[in-house]
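# Observations on chain architecture
Here's the letter readout for the chains.
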Amino acid sequence: MGYREVYERSLADPEGFWGEAAGGIDWDRAPQTVLDDSTPPFYRWFPDGQLNTCYNALDRHVDGGRADQLALVYDSPVTGEVRRYTFRELRDEVATFAGALRRLGVERGDRVIIYMPMVPEAAIAMLACARIGAIHSVVFGGFASNELAARIDDATPRVIVSASCGIEPGRFVDYKSLLDGAIDIAAHTPECCVVLQRPQLEAPLTPGRDSTWREAVDGAPPADCVPVAATDPLYILYTSGTTGEPKGIVRDNGGHAVALNWSMRNIYGVDPGEVYWAASDVGWVVGHSYIVYAPLINGNTTVLFEGKPVGTPDPGTFWRVISDHGVGVLFTAPTAFRAIRREDPEAEHVRKHDLSGFKALFLAGERCDPDTLEWAQTTLKVPVIDHWWQTETGWPACANPLGIELLPVKPGSPTVPVPGYDIRVLDEDGEELPDGEIGAIVIKLPLPPGTLPTLWNADDRYLAAYLERFPGHYLTGDAGVVDTDGYLHVLSRVDDIINVAGHRLSTGAMEEVLAAHPDVAECAVIGVADELKGQLPVGFVVLQAGVERPSAEIVDEVVAMVRERIGPVAAFRRAVVVDRLPKTRSGKVLRATMRQIADGVEFKVPATIDDTAILDEITAALAGIGYPPG
Ligand code: COA
Ligand code: AMP
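Thresholds, definitions, all that
- Residue positions are given per chain, counted from 1 along the sequence in the order it is written.
- Both sets of labels track the order of writing: A upward for chains, 1 upward for ligands.
- Given that this is a predicted model, residues contribute local features only at a pLDDT of at least 70 and side-chain atom pairs are listed and counted only at 80 or more, while totals for whole chains, interfaces and linings are drawn from all residues.
- Only hydrogens and water are removed before side-chain values are computed, so all heavy atoms of the structure are retained for them.
- Only heavy atoms are used to decide nearness, and a residue is near a molecule or strand if one of them lies within 4 Å of it.
- Counting of polar contacts relies on pairs of N or O atoms within 3.5 Å, with two restrictions inside protein: one atom must be capable of donating a hydrogen and the other of accepting it, and residues adjacent in sequence are counted only when both atoms are side-chain atoms.
- In short, Shrake-Rupley with a 1.4 Å probe defines the accessible areas, and a residue's cover is counted only from the protein chains shown.
- Throughout the structure description, domain borders are defined by an automatic or database domain assignment.
- It only takes one pair of heavy atoms within 4.5 Å for two residues to be counted as in contact.
- A simple way to read buried area is as the amount of 1.4 Å-probe accessible surface that goes missing from two parts once joined, with both sides added.
- Put simply, a salt bridge is a Lys or Arg side-chain nitrogen that is within 4 Å of an Asp or Glu carboxyl oxygen.
- Every residue carries a pLDDT, the predictor's confidence in it, which falls somewhere between 0 and 100.
- We count a stretch as a helix when DSSP gives it H or I for four or more residues in a row; a strand needs E for two or more, and each element gets its number in order from the N terminus.
- Think of it in three bands: with a 1.4 Å probe and only protein chains considered, a residue is buried below 20% of the maximum accessible area for its type, exposed above 50%, and partly exposed in between.
- In this context, the arc is that of the directions from the helix axis out to the C-beta atoms.
- What makes two strands pair is DSSP finding at least two bridges between them.

## A closer look at the site of ligand 2
Taken together, 14 residues sit near ligand 2, with Asp386, Thr391, Asp478, Arg493 and Arg504 positioned nearest. One of the backbone nitrogen or oxygen atoms of histidine 387 is found 2.8 Å away from a nitrogen atom of ligand 2. Glutamine 390 places a side-chain nitrogen or oxygen 3.0 Å from an oxygen atom of ligand 2. The fraction of the free accessible surface of ligand 2 (490 Å²) that becomes covered by protein chains is 93%.

## Observations regarding the domain arrangement of the chain
Interfaces are often sized by the accessible area lost when the parts come together. We note that the domain assignment places domain 1 (3–307 + 387–480) and domain 2 (501–624) within the chain. Opposite the 17 residues of domain 1 that make contact, domain 2 presents 14 residues. Interface area for domain 1 against domain 2, summed over the two sides, is near 1,200 Å², with a carbon-plus-sulfur share of 49%. At the boundary of domain 1 and domain 2, one finds 1 salt bridge. Note that arginine 504 is salt-bridged to glutamate 392, the shortest N-O span being 2.9 Å.

## Section: the site of ligand 1
As a structural note, the neighbourhood of ligand 1 is formed by 24 residues, with Glu168, Arg171, Lys533, Arg563 and Arg573 the closest of them. One of the backbone N or O atoms of glycine 142 is found 3.4 Å from a nitrogen atom in ligand 1. The contact in question runs from an oxygen atom of ligand 1 to an N or O atom on the side chain of glutamate 168, over 2.5 Å. In isolation ligand 1 has 940 Å² of accessible area, and contact with the protein removes 84% of it. Residues from two domains meet in the shell around ligand 1; each of domain 1 (3–307 + 387–480) and domain 2 (501–624) gives at least three.

## Regarding the confidence of the model for the chain
Mean pLDDT over the chain: 96, with 100% of residues reaching 70 or higher. Looking at the elements of the chain, mean pLDDT is at its lowest for strand 27 (residues 497–500), recorded as 93, and at its highest for helix 5 (residues 120–132), recorded as 99.

## Thoughts on helix 17 (residues 591–599)
Residues Thr593, Met594, Ile597 and Ala598 constitute the buried set of helix 17. For helix 17, the arc enclosing every buried residue in end-on projection is 140°, short of the 170-degree limit, so these residues lie on one face. Taken from the residues just after helix 17, glycine 600 is the one with a positive phi, measuring 70°.

## Regarding the pairing of strand 11 (residues 192–196)
Extensive coverage of strand 11 is indicated by the burial of 5 of its 5 residues. Neither face of strand 11 is open: one carries Cys192, Val194 and Leu196, the other Cys193 and Val195, and all of them are buried. As judged from the 5 bridges shared by strand 8 (residues 159–163) and strand 11, these two strands associate in the parallel manner. Bridging from a neighbouring strand, valine 161 pairs with valine 194 of strand 11. In the sheet, strand 11 pairs with strand 12 (residues 210–212) via 3 bridges, with the strands oriented parallel.

## Some words on unusual backbone geometry
The omega angle of the peptide bond from threonine 312 to proline 313 is -5°, so this bond is cis rather than trans. Along the chain, the position of proline 313 falls in the loop between strand 17 (301–305) and helix 11 (317–325). Along the chain, leucine 445 connects to proline 446 via a cis peptide bond; the corresponding omega equals 0°. The topology assignment puts proline 446 in the loop between strand 24 (439–444) and helix 14 (459–467). Although it is not a glycine, threonine 415 adopts a positive phi angle of roughly 75°. Phi angles above zero are rare outside glycine, and asparagine 457 is one such case at about 55°. As for its position among the elements, asparagine 457 is in the loop between strand 24 and helix 14. For asparagine 457, a relative accessible area of 67% puts it in the exposed group.

Listed below in structure tokens is the structure:
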């Protein structure tokens, strides 16, 4: 069957389609109902099914003949370590850590926050939670204490699992101090913290609250898989919303396992037994879905890489990992390829490695510029596939479905809707736009299995953020266009989310930090185009009347505040002091116009602007910090 036929069937008969896909999963109680649509706009997949996600990721492969196949390869150029786990070994480590968690009082439905660098223990902790029906919430290591504290208060974990340090080029990240800082700020206090001591930087423990990983697992009786309802949450993953308050995306167990298992063969074209590598971080959705769950559920070897595309030690690292571990398919963000290309434009490092087993490259997380895609195609001589999805969807919504049919690649487009996703482009009034016209990208309900059923403890916010704008449709927050061949082109966000090096950040959250500076009266943060990272945040601050201090001092302070409160991952380094901000007559800050000035693109002076002279002031301020570049 070709793509078109599979896609049409998925929409015409979703229950038949996903009911069949559910056969790829081992159930403790097979679902009799595929979709519960009795309370729209809330939908539940496989409502009467029971399963265990960890069983599907590990035990079934141990029992089914893959016990001695590698399940996980940890490759860490920053420590020089390579560690390999077979499915049996990984299952045993996970069962022991699950037993340790249980001994610490963690029960089905309890939350566990995981704040860890890219070490195998991060994946082990995730799978251990899944094994006993606990709900994990992984927090990316590049977030500071404040962000971690917000997640602690929302998820109210019984236990937090962390490490003594992370290793970034040139510095250690002291996770334990960041964790202690977060617990001080948070209103909720976990009962216990488990800390993986790394030899590079050991951390002092808080007596009575902390134990080391080693102490936690010592003598812990291995725990068996607990069957849970398909609709029970597997994890909560916080992502940037339009305000400083992150959204807790909930992922269920059943729909997630079915969709991810289906995606490995049909989208990524990967058969069980092959080696798959997602070069991302377990703190992001790509890491959840395609470092941990999908490859393991599908019986693949997954690579967990602790390093960067460049500088660890050189731009040949990716090729070395592909060749050393026999990687068939790689998934990463375009920014990683821009970084490699910048250091090795002639791709000399590629020639030093045997890439004969490499089949395909998938890129996502941000818009993929055609130049980068074409460079990757020429360099690697395999299909290079841009695909589009979000933390909310949990797996690709638009892709070139390699495992079904490789469609012609159009650089700049993530190709076509994935089976299960009924993607539409709407105008302001919710009318569907004809092909070729730009509008809001939405997905007609019900969303397929594996996508978010709601936000953690916030059904109302879920409705308000995603479902109320266009009833019957899920709002993706992206704007774009479908061309006459049915290919989607994702052009921009319609909200204030920006994408910095493939990391999703909220300019609204940064504005909240700037506004908290005592000398700042008003502020705005915009995302400007950046050659390497795709976008970078730039701040504008208007000072309180009477503040006489040098602007440079205030700029340094707000830059430090964003690093301190959001984290280094925000990459907020540029800000300017201005006398006022451009606004509409109704007082709305014209961020889009400011962005166009910074990017050096032509723009129309908005008819609603209250005073056009201010645009010259903004242009001059931006020129002072090097925008537009060149
Ligand atoms: N823990 C702590 N700090 C982290 C971190 C982590 N897990 N990840 C990043 N940081 C820090 C970095 O050290 C850096 O700090 P600095 O300001 O002190 O230098 C800051 O956050 C920004 O990091 P990053 O955006 O990664 O920039 P970089 O300059 O270190 O590296 C790239 C640039 C392009 C090499 C890098 O961004 C990259 O590999 N991107 C791929 C993106 C990706 O995998 N995205 C996931 C979605 S698929
Ligand atoms: P995240 O939730 O961090 O995965 O970020 C999701 C957002 O990243 C999407 O809503 C898009 O704005 C952007 N994005 C992800 N993949 C792509 C892509 N292939 N092309 C364009 N934008 C993308």
